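Topology and contacts: notes
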Amino acid sequence: MKISILFGTESGNGELAAEDLALSLADGHDVEVRDLAEVTVEKISDEALFVFICSTYGEGELPNTALPFYTALSETRPDLTGVKFAIFGLGDSFYTETFGHGSLKLGAELEELGAHRVGEFGRHDASTWEPVGEAAVTWFAEVLSSMRLASHPG
Ligand SMILES: Cc1cc2nc3c(=O)[nH]c(=O)nc-3n(C[C@H](O)[C@H](O)[C@H](O)COP(=O)(O)O)c2cc1C
C-alpha cells in the first residue's frame, strides 16, 4: 500500500512524528513524507492512503506552514470522493478550548469535500511529555488494524 505522510508544523514536532512513523512503516510499505507547505491540493488522490499530521496554533488554527494548503482546499473545493485519509493532531491540553483543533479543522474540511477518514483521530498532548513519534506509531498501528477489520469483517 502506498502511504503518503503529509505534515504541518511550526516548531518541528509534526515533522519528527512524520519521520518516525515513516521509519516504522518502511519495511513493507511504499512510504513518502512531505511537508504540507510544499504540497498542492492536486496531489490528493485515491492512489495512496494519506496520513495528515498537523499541529495547532493561535486560537485553534492550523500552523502557518499548512495554511496555504488548507486555504486552497477551502477555495478550490476539489471533489475528494474516493480519497482515504487518517489524521493525527498535535496540540497541548494547556489550551483547553482549542486542544488539537488545527487537525480537527483540516479533517473536517477533507471530509466535507468527500474524503473518507479511516481509523480514529489521533491526538498528541505536548503536556504529557510522551514522545510524539511513539504516539504516532502506536496510533497508526490501530488505524491499520481497523482498516484490516473493515476489509475482512469477522
Ligand atoms: C503560540 C502557541 C500557540 C499554541 N496554540 C495551541 C492551541 O490553540 N491548541 C493546542 O492544542 N495547542 C496549541 N499549541 C501547542 C502546539 O500545537 C504543540 O506544542 C505542538 O506539539 C507543536 O507541534 P509542531 O512543533 O509540529 O508545530 C500552541 C503552541 C504555541 C507555541
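Criteria and thresholds
Residues numbered from 1 in each chain as written. Predicted model: local features only at pLDDT ≥ 70, side-chain atom pairs only at ≥ 80, totals over all residues. Heavy atoms only, no water. Salt bridge = Lys/Arg side-chain N within 4 Å of Asp/Glu carboxyl O. Helix = DSSP H or I, 4+ residues; strand = E, 2+ residues; numbered from the N terminus. Buried < 20%, exposed > 50% of the residue type's maximum accessible area, 1.4 Å probe, protein only. Near = heavy atom within 4 Å. Polar contact = N/O pair within 3.5 Å; in protein donor to acceptor, adjacent residues only side chain to side chain. Areas by Shrake-Rupley, 256 points an atom, 1.4 Å probe, with all protein chains shown as cover. Nonpolar A, V, L, I, M, F, W, Y, C, P; charged D, E, K, R; others polar. Expected span 1.5 Å × (residues − 1). Arc of directions from axis to C-beta. Axes fitted to C-alpha atoms, helices over the stretch in contact; angles between N-to-C directions. Parallel < 35°, antiparallel > 145°, perpendicular 65-115°, else oblique. Left-handed = near helix turned anticlockwise from the far one by under 90°. Contact = heavy atoms within 4.5 Å. UniProt positions renumbered as here; feature names shortened; annotations may be inferred.

On inspection of all chains with the given rule, the structure shows four salt bridges. Glutamate 109 is paired through a salt bridge with arginine 77; the nearest N and O atoms lie 3.4 Å apart. Highlighted residues: glutamate 109 in helix H3 (residues 101-112) and arginine 77 in the loop between helix H2 (67-76) and strand E4 (84-91), separated in sequence by 32 residues. Taking the relative accessible area as the measure of exposure, arginine 77 reaches 42% and is therefore partly exposed. The salt bridge partner of glutamate 112 is arginine 77, with a shortest N-O separation of 3.5 Å.

Turning our attention to the site of the ligand. Around the ligand there are 18 residues in total, and Thr9, Ser11, Gly14, Thr56 and Thr98 lie nearest to it. One nitrogen or oxygen atom from the main chain of glycine 12 is found 3.0 Å from an oxygen atom belonging to the ligand. Against a free-state accessible area of 640 Å², the protein chains account for coverage of 81% of the ligand. Those elements that provide at least two residues to the shell around the ligand are helix H1 (13-25) and E4. Class assignment of the residues belonging to the shell around the ligand gives a composition of four nonpolar, 12 polar and two charged.

An α-helical turn contains 3.6 residues, so any two residues separated by three or four positions project in the same direction. Taking 1.5 Å per residue, 12 residues should reach 16 Å; H3 reaches 16 Å between its end C-alpha atoms and fits that length. Those residues of H3 that fall on the buried side of the exposure criterion are Gly102, Ser103, Leu106, Gly107, Glu109 and Leu110. The arc that holds the buried residues of H3, viewed along the axis, is 160°, so those residues lie on one side. The first or second residue beyond H3 is glycine 114, which carries a positive phi of 110°.

A separate point is the packing of H2 against H3. For the pair H2 and H3, the least separation of the axes is 10 Å and the interaxial angle reads 30°. Judged on the interaxial angle alone, H3 and H2 are roughly parallel. For the pair H2 and H3, the crossing hand works out as left-handed. Contact residues: H2 offers Phe69, Tyr70, Leu73 and Ser74, while H3 offers Lys105, Leu106, Glu109 and Leu110. Looking at the contact of H2 with H3 residue by residue, the classes come out as five nonpolar, one polar and two charged.

Taking 1.5 Å as the rise per residue, helix H4 (residues 132-151) with 20 residues should run 28 Å; its terminal C-alpha atoms sit 29 Å apart, in good agreement. Taken as a whole, H4 has its buried residues at Val132, Gly133, Ala135, Ala136, Trp139, Phe140, Val143, Leu144 and Met147. The arc that holds the buried residues of H4, viewed along the axis, is 165°, so those residues lie on one side. Those residues of H4 that are exposed and angled more than 90 degrees off the buried face are Glu134, Thr138, Glu142, Arg148 and Leu149. Against strand E1 (2-8), H1, strand E3 (49-54), E4 and strand E6 (122-125) lie the buried residues of H4.

Here we come to the UniProt feature "domain: Flavodoxin-like" (unreviewed entry) in the protein chain. When the UniProt feature table is mapped to this numbering, "domain: Flavodoxin-like" (unreviewed entry) covers residues 3-144. Note that residues 3-144 is 34% helix and 23% strand, and that its end C-alpha atoms are spaced 11 Å apart.

Now for unusual backbone geometry. For arginine 77, which is not glycine, the phi dihedral falls at a positive 45°. Phi angles above zero are rare outside glycine, and tryptophan 129 is one such case at about 65°. Here tryptophan 129 shows up in the loop between E6 and H4.

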